[in-house]
Amino acid sequence: MIDGLKDKVVIVTGGAHGIGKAYCKGFADAGARVVIADIDQPGAEAAASEIAADVGAKNLSPILALHVDVSNEESTKNMAAQVLEKFARIDALINNAAVFSVVPMNRGRIETIDPAEWDKLMAVNLRGLFFCCRAVLPTMRTQQSGKIINIASGTVFAGSPGRIHYVTSKTATIGFTRTLAREVGGDNINVNCLAPGNTLSEENPSAETIRLRESSAGLRALKRVQVPQDVVGAMLFLASPLSDFMTGQTVNVDGGISFL
Ligand SMILES: NC(=O)c1ccc[n+]([C@@H]2O[C@H](COP(=O)([O-])OP(=O)(O)OC[C@H]3O[C@@H](n4cnc5c(N)ncnc54)[C@H](O)[C@@H]3O)[C@@H](O)[C@H]2O)c1
């Protein structure tokens, strides 16, 4: 259990499924007030009920499930307004929503990627980041505190063939993080990035997906498949006061594939 997150208001975009849902459960376990914001509203509500039942009496704070399309600026402003109406502050924003597996992408080589899919992926993975940060920053600046954690990917460190649009978006996330850290540090806002390795995050993985996830195990110093829970500790640390003097950084959690 990590200290310092009790009653903090934490928004997790893309929190209805996969690794985002594991972050939400971790924050709820730590006593935070969690906002699950996802394009899949029924999924967000189901995740909120499941987490509330799991966490039980450990955290009596309500878990808020919201609809958001991070690629739409109005929708992200609505998300921030609803959180403020409910909780009157925003302590952390986890920019986790992405075109990845629930909203799938072409994992083929460059010639096979439709330019329309390139644009759609950039609209969610990058414009979404830009809009969500802009939606919460006025509140964080007024509070003179806040934590923004963006999600990159282990694919950026050595390059990774296939899905070049995705890897490009995740590489840009690191530059975005460094620049925003310098822009908002004067208001006591930390901006960091977490890069998970190849993680078995699917709820009902196909045999091919399991093979894909298992393919990384042998490359790791720690030789096993990575699961969502493996990333939660680093996330809680980055959102907590324990990391108050860290900003602009990228934390790699991949079981020892890339050494930065
Ligand atoms: N699983 C991995 O191997 C891995 C590795 C490195 C990084 N990541 C990153 O971690 C994050 C979570 O990955 P995951 O495996 O859980 O993916 P996932 O596809 O399971 O979950 C993504 C979530 O984002 C939501 N979402 C998609 N488009 C949205 C939109 N426009 N607005 C709001 N929500 C939207 C989806 O509904 C889903 O709940 C992503 O940023 C992904 O790129 C994943």
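Given the structure is predicted, the values throughout are model-derived calculations rather than measurements.

Asks: Outline the overall build of the chain, listing residues and values.
Replies: Looking only at helices and strands, the chain has eight helices and seven strands in total. In terms of overall dimensions, the chain is globule-like: its C-alpha atoms have a radius of gyration of 17 Å, near the 18 Å expected for 260 residues. Relative to its 260 residues, the chain shows a buried fraction of 52%. Counting contacts in the chain only where the partners sit at least 6 residues apart, residues at least 24 apart contribute 74% of the total. Surface summary for the chain: the accessible area is close to 11,900 Å², and the carbon and sulfur share equals 55%. Positive and negative charge centroids in the chain, built from 25 and 26 side chains respectively, lie 5 Å apart.

Asks: I'd love a proper account of the site of the ligand, names of residues and values included.
Replies: Around the ligand sit 28 residues in total, of which Asp 38, Val 102, Tyr 166, Thr 199 and Ser 201 are the nearest. The separation between an oxygen atom of the ligand and a polar main-chain atom of Ile 19 is 2.8 Å. Contact distances for the ligand include 2.9 Å between an oxygen atom and a side-chain N or O atom of Lys 170. Protein contacts shield 98% of the accessible area of the ligand, which totals 830 Å² for the unbound molecule. Of all the elements in the fold, those that place two or more residues in the shell around the ligand are helix H1 (18–29) and helix H6 (164–184). Classifying every residue of the shell around the ligand gives 14 nonpolar, 10 polar and four charged.

Asks: Give a description of the sheet that holds strand S3 (residues 64–67) that names residues and reports values.
Replies: In spatial order, the strands read S3-S2-S1-S4-S5-S6-S7; together these seven strands make up an open sheet with parallel pairing. The sheet is open, and its two borders are formed by S3 and strand S7 (250–253), each paired with just one other strand. Here the strands of the sheet are splayed against their neighbours by 20° on average, with no regard to which way each runs. Along the sheet, H1 contacts strand S1 (9–13), strand S2 (33–38), strand S4 (92–95), strand S5 (146–151) and strand S6 (189–196); its crossing angle with S1, the most-contacted strand, is approximately 170°. Helix H8 (residues 229–239) contacts S4, S5, S6 and S7 of the sheet and is inclined by roughly 170° relative to S6.

Asks: Can you explain the packing of H1 against H8? Please cite residues and give values.
Replies: Viewed as axis vectors pointing N to C, H1 and H8 meet at an angle of 55°, and their least axial separation amounts to 9 Å. The pairing of H1 with H8 is recorded here as oblique in orientation. Crossing angle aside, the handedness with which H1 passes H8 is right-handed. Residues Ile 19, Ala 22, Tyr 23, Gly 26 and Phe 27 of H1 form the contact with H8, whose own contacting residues are Val 231, Val 232, Met 235, Leu 236 and Ala 239. Here the contact of H1 with H8 is composed, by residue class, of nine nonpolar, one polar and no charged.

Asks: Describe helix H4 (residues 115–143), listing the residues and the values that go with them.
Replies: With 29 residues, H4 ought to run about 42 Å at 1.5 Å a step, and its terminal C-alpha atoms sit 41 Å apart, in line with that. Regarding H4, its N-cap is Asp 114, as a side-chain oxygen of that residue lies 2.8 Å from the backbone nitrogen of Ala 116 further along.

The rules we used
- In every chain, residue numbers begin from 1 and rise along the written sequence.
- Confidence filtering applies because this is a predicted model: local features only for residues at pLDDT of at least 70, side-chain atom pairs given and counted only at 80 or more, and all residues used for totals across whole chains, interfaces and linings.
- Here the side-chain values reflect all heavy atoms present in the structure, with hydrogen atoms and water set aside.
- Counting from the N terminus, the helices are the DSSP runs of H or I reaching at least four residues and the strands are the DSSP runs of E reaching at least two.
- Only C-alpha atoms enter the radius of gyration, while the globule expectation follows 2.2 Å times N to the 0.38, with N the number of residues.
- Burial classification: accessible surface area is computed with a 1.4 Å probe over protein chains only, and a residue below 20% of its type maximum counts as buried, one above 50% as exposed, and the rest as partly exposed.
- We call two residues in contact whenever any of their non-hydrogen atoms come within 4.5 Å of each other.
- In short, Shrake-Rupley with a 1.4 Å probe defines the accessible areas, and a residue's cover is counted only from the protein chains shown.
- Positive charges are assigned to Lys and Arg, negative charges to Asp and Glu, while His and the chain termini are left out of the count.
- Charged groups are reduced to one reference atom each: NZ for lysine, CZ for arginine, CG for aspartic acid, CD for glutamic acid.
- For each residue, the test is whether any non-hydrogen atom lies within 4 Å of the molecule or strand; if one does, the residue is near.
- Within 3.5 Å is the distance limit for a polar contact, defined as a pair of N or O atoms, with the added protein rule that one can donate a hydrogen and the other accept it, and that residues adjacent in sequence qualify only through two side-chain atoms.
- All residues other than Ala, Val, Leu, Ile, Met, Phe, Trp, Tyr, Cys, Pro, Asp, Glu, Lys and Arg, Gly among them, are scored as polar; the first ten of these are nonpolar and the last four charged.
- Strands are treated as partners if at least two bridges between them are detected by DSSP.
- All axes are obtained by fitting lines to C-alpha atoms, using only the stretch in contact for helices, and the reported angles, taken between N-to-C directions, cover 0 to 180 degrees.
- Any angle between 65 and 115 degrees counts as roughly perpendicular, while under 35 counts as roughly parallel, over 145 as roughly antiparallel, and the rest as oblique.
- Note: crossing handedness is left-handed where the near helix turns anticlockwise from the far helix by less than a right angle, and right-handed where it turns clockwise.
- Take the residue count of a helix, subtract one, and multiply by 1.5 Å to get its expected span.

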